[in-house]
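Chains, contacts and geometry: an overview
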Amino acid sequence: MGDSARPSDKAGSEDCAADLEKNAAFFAAHARMLPAPYAHQESNKMTLAYFAVGGLALLQKLDSSLQDRVIEWVYRHQVDPFVHAGALHAGFRGSEFLGLNGTSARCVAEDYGHSAMNYTALALLLLCGDDLSRVRRNEIIESLRSLQQEDGRFVSCVASTRALPVRCGHAL
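Quick word on the overall build of the protein
Regarding its fold elements, the protein presents five helices and four strands. From first element to last, N terminus to C terminus, the protein shows the α and β order α-α-α-β-β-α-α-β-β. Expressed as a percentage of its 172 residues, the buried residues of the protein come to 34%. In the protein, 63% of the contacts between residues at least 6 apart in sequence involve partners at least 24 apart. Working note: accessible area of the protein is about 10,400 Å², and carbon and sulfur atoms make up 54% of it.

Some remarks on helix α3 (residues 64-75)
The terminal C-alpha atoms of α3 lie 17 Å apart, and with 12 residues this matches the ideal 16 Å at 1.5 Å per residue to within 8%. Looking at α3, one finds that the buried residues are L66, Q67, V70, I71, W73, V74 and Y75. A distance of 3.0 Å separates the backbone nitrogen of S65 from a side-chain oxygen at the start of α3, and that oxygen is part of D63.

What about the environment of R137?
Mapped onto the fold, R137 is located in helix α5 (residues 137-147). Overall, R137 belongs to the partly exposed group, its relative accessible area being 45%. Once the C-alpha coordinates of R137 and G91 are considered, the two residues, 46 residues apart in sequence, prove to be 8.7 Å apart. Ignoring sequence-local partners within four residues, the contact set of R137 consists of D131 and L132. Of note is the side chain of R137, whose polar atom sits 3.5 Å from the backbone oxygen of L132.

Focus: the pattern of salt bridges
In total, this model carries four salt bridges according to the counting rule given. For E21, the salt bridge is made with K61, and the minimal N-O distance between the two is 2.8 Å. A residue pair is termed long-range when its members are at least 10 positions apart, and E21 in helix α1 (residues 9-32) and K61 in the loop between α2 (45-58) and α3 qualify at 40 residues. What makes E21 partly exposed here is its relative accessible area of 44%.

As for the nonpolar core
Within the largest apolar cluster, 26 residues are counted, with the highest numbers of intra-cluster contacts made by M46, V70, V74, F92, L124, L125 and V135. When residues of this core are traced back to their parent elements, those giving at least two are α2, α3, β2 (87-92), α4 (115-127), α5 and β3 (154-155). Counting residues per element, this core draws most heavily on α3, at six residues. What V74 contacts, discounting residues up to four positions off in sequence, is M46, F92, A121, L124 and L125.

What counts and what doesn't
- Residues numbered from 1 in each chain as written.
- Predicted model: local features only at pLDDT ≥ 70, side-chain atom pairs only at ≥ 80, totals over all residues.
- Heavy atoms only, no water.
- Helix = DSSP H or I, 4+ residues; strand = E, 2+ residues; numbered from the N terminus.
- Buried < 20%, exposed > 50% of the residue type's maximum accessible area, 1.4 Å probe, protein only.
- Contact = heavy atoms within 4.5 Å.
- Areas by Shrake-Rupley, 256 points an atom, 1.4 Å probe, with all protein chains shown as cover.
- Expected span 1.5 Å × (residues − 1).
- Polar contact = N/O pair within 3.5 Å; in protein donor to acceptor, adjacent residues only side chain to side chain.
- Salt bridge = Lys/Arg side-chain N within 4 Å of Asp/Glu carboxyl O.
- Core = buried A, V, L, I, M, F, W, Y, C linked by side-chain atoms within 4.5 Å.

Structure, rendered in structure tokens:
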């Protein structure tokens, strides 16, 4: 194949730069607000935010203003610790799907942390450069212990009856 069939290096790098900008705009738009097709994923908003913010970080387009907003948003999803069935429960919820007004206070009995959202929230905080000083570590650790079943499997949250196999524990 001759050199005439290959695009020039300059044209290739311009195409690549344009693609990077398009991808950055895509991730930034998703970090601001989820598009309508994702509306049914409201309870997983923490995870979707992780992918949007992670995409911006990979493209080196994650600015400090967005980092600060994401950090505050994540901490608003940290549920105040509470006792249920004799065990302490704490952690991060996946979104405001219960109609919460940006507070960590529990507003209804069904408002509790979720083990997978704990992982995602911590990953998001670290991705944004947070020092994790506001994470209720001891309470979350105790909560995770109470979610582990006798056979080693975990339930995802205090209300769950479906235990996850031990191989899914990496998300805890």
